[in-house]
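Chain by chain, the residues:
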Amino acid sequence: MNKNIEIYVTGESDKKFFNDFNDNFHIKYLTNCEHKLENIDFLNPYFCELTGLFYLWKHSDKNIVGLEQYRRYFLNDDRIFLTENDIIKLLKNYDILCAPCPNFDFNNVRFSGMFGNKLAFEFASKFWKFKNIYNNILEYGNEKKQLLYSNMFICNKNIIDEYCNFLFNDILNDGKMKQEIDKGIKRSIAWTAEFTFGFWLEKIKKYNVKYQNNIEFNKISDIKYIKENENGSVK
């Protein structure tokens, strides 16, 4: 096990986690953060998986860190769960591994809202305008036609430290942003991050992003969603 790699997996219930991993790097499952340490669990209705990202940012001391979701995991080119060696090899050529969410119509988002929620898009718009990136981020979205999941990445910790400073500091500390949170738009911050992550990586910071294979299970507890052949790959 490489002690310098730590992958956090977030989920609402530990019963939903898929545990069939090679034991070659540290997997940390997060449902509720350790309350003795700094966390934002109380904001989970608005931040969702980002409560896990915040916890990773504040408390992981590893050189390479990652975040995966309880139903979505990274695969290598052979469709096998990503291993420590895969990660080390890939990060020699790329700054960060991410999971794309393709075929996303950003123009429609302006009218129908984020995943149908207009209030959530209004919050995101205020955040983007606060950051002076509103027009640029919509242009980026219309060009790429996809998102990068903000709860799916593996990279050097310094990249996530920088991103979390960009994302969290204003939202948590600026009075106007805190007022928006107080309006109670559930999932609003999580969705804002979903739309912001790729833009920050590729346009603001110009990192070399690897769009990594991944798989999503509808029901982790249901074995029929896990089809393995003789070499252990996942179809």
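Quick note: structure is the one above.
Computed from a predicted model, the values in this text were never measured in an experiment. (Residues numbered from 1 in each chain as written. Predicted model: local features only at pLDDT ≥ 70, side-chain atom pairs only at ≥ 80, totals over all residues. Heavy atoms only, no water.)

Q: When you look at the overall build of the protein in this model, what are you seeing that I'm missing?
A: Within the protein, the regular secondary structure consists of nine helices and eight strands. The burial tally for the protein puts 54% of its 235 residues in the buried class. Intrachain contacts of the protein at a sequence separation of at least 6 include 74% that bridge at least 24 residues. With an accessible surface of roughly 11,800 Å², the protein has 43% of that area assigned to carbon and sulfur atoms. (Helix = DSSP H or I, 4+ residues; strand = E, 2+ residues; numbered from the N terminus. Buried < 20%, exposed > 50% of the residue type's maximum accessible area, 1.4 Å probe, protein only. Contact = heavy atoms within 4.5 Å. Areas by Shrake-Rupley, 256 points an atom, 1.4 Å probe, with all protein chains shown as cover.)

Q: What should I look at first to understand the side chain of Asn-151 in this one?
A: By the secondary structure assignment, Asn-151 is in strand β6 (residues 146-156). Only 3.3 Å separates the side chain of Asn-151 from the side chain of Glu-49, close enough to count as a polar contact. Excluding anything up to four places from it in sequence, Asn-151 contacts Glu-49, Leu-67, Glu-68, Gln-69, Arg-72 and Glu-194. (Polar contact = N/O pair within 3.5 Å; in protein donor to acceptor, adjacent residues only side chain to side chain.)

Q: How should I be thinking about the nonpolar core in this particular structure?
A: A general tendency of soluble globular proteins is for nonpolar side chains to be buried together. Residues Phe-47, Trp-128, Phe-168 and Leu-201 are the most contacted members of the largest nonpolar core, which totals 67 residues. Among the elements that make up this core, the one with the highest residue count is helix α7 (residues 157-173) (nine residues). If sequence neighbours within four positions are ignored, Trp-128 has contacts with Met-114, Phe-121, Ile-133, Tyr-134, Ile-137, Leu-138, Thr-192, Phe-195 and Thr-196. Tyr-70, Tyr-73, Phe-81 and Phe-217 belong to the second-largest nonpolar core, a separate cluster that totals seven residues. (Core = buried A, V, L, I, M, F, W, Y, C linked by side-chain atoms within 4.5 Å.)

Q: Explain the pattern of salt bridges to me, please; I cannot follow it from the model alone.
A: A pair can form between side chains of opposite charge whenever their charged atoms are brought close. Inspection of every chain in the model, using the stated rule, returns six salt bridges. Put simply, Glu-216 and Arg-72 hold a salt bridge, and the shortest N to O gap is 3.1 Å. Remark: Arg-72 occurs in strand β4 (residues 72-74) and Glu-216 occurs in strand β8 (residues 214-216); sequence separation between them is 144 residues. Given the relative accessible area of 38%, Glu-216 is considered partly exposed. On the basis of relative accessibility, which here comes to 5%, the residue Arg-72 falls in the buried class. Put simply, Glu-162 and Lys-205 hold a salt bridge, and the shortest N to O gap is 2.6 Å. Note that Glu-162 is positioned in helix α7 and Lys-205 in the loop between α9 (188-204) and β7 (209-211), a separation of 43 residues in sequence. A residue is classified by how much of its surface remains accessible, and Glu-162, at 30% relative accessible area, is partly exposed. (Salt bridge = Lys/Arg side-chain N within 4 Å of Asp/Glu carboxyl O.)

Q: How should I be thinking about the pairing of β6 in this particular structure?
A: Remember that side chains alternate between the two faces of the sheet whenever the strand is regular. Counting buried residues along β6, 10 of its 11 residues qualify, which places the element largely inside the surrounding structure. Taken together, the four bridges between strand β3 (residues 64-69) and β6 define a ladder with antiparallel strand orientation. Residue pairing across strands places Val-65 opposite Cys-155, the latter belonging to β6. Bridge analysis of strand β5 (residues 96-102) against β6 gives six bridges, and the strand direction is antiparallel. Bridge pairing links Ile-96 to Cys-155 in β6. (Pairing = 2+ DSSP bridges.)

Q: Quick question: what am I supposed to make of the packing of helix α5 (residues 118-130) against helix α6 (residues 134-144) here?
A: Packed helices, taken two at a time, are described by their axes: the angle between them and the distance between them. For the pair α5 and α6, interaxial distance at closest approach is 7 Å and the crossing angle is 120 degrees. Judged by the angle between their axes, α5 and α6 are oblique. Touching Phe-121, Ser-125, Trp-128 and Lys-129 of α5 are Tyr-134, Ile-137 and Leu-138, all from α6. For the contact of α5 with α6, the class distribution of residues is five nonpolar, one polar and one charged. (Axes fitted to C-alpha atoms, helices over the stretch in contact; angles between N-to-C directions. Parallel < 35°, antiparallel > 145°, perpendicular 65-115°, else oblique. Nonpolar A, V, L, I, M, F, W, Y, C, P; charged D, E, K, R; others polar.)

Q: What should I look at first to understand the packing of aromatic side chains in this one?
A: Here a ring pair, both rings aromatic, is described through the centre-centre distance and the interplanar angle of the planes. With the rule as written, the count across this model stands at 15 aromatic pairs. Aromatic side chains Trp-200 and Tyr-207 sit 6.0 Å apart centroid to centroid with 45 degrees between the ring planes, which places their arrangement in the tilted category. Among the residues examined, Trp-200 registers a relative accessible area of 2% and is labelled buried. For Tyr-207, a relative accessible area of 18% puts it in the buried group. Against the face of Trp-57 rests Lys-58, its NZ or CZ located 4.2 Å from the ring centre. Residue placement shows Lys-131 over the ring face of Phe-166; its charged tip is 4.3 Å from the ring centre. (Phe/Tyr/Trp six-rings, centres within 6.5 Å; stacked < 30°, edge-to-face > 60°. Lys NZ or Arg CZ within 6 Å of the ring centre and 35° of its normal.)

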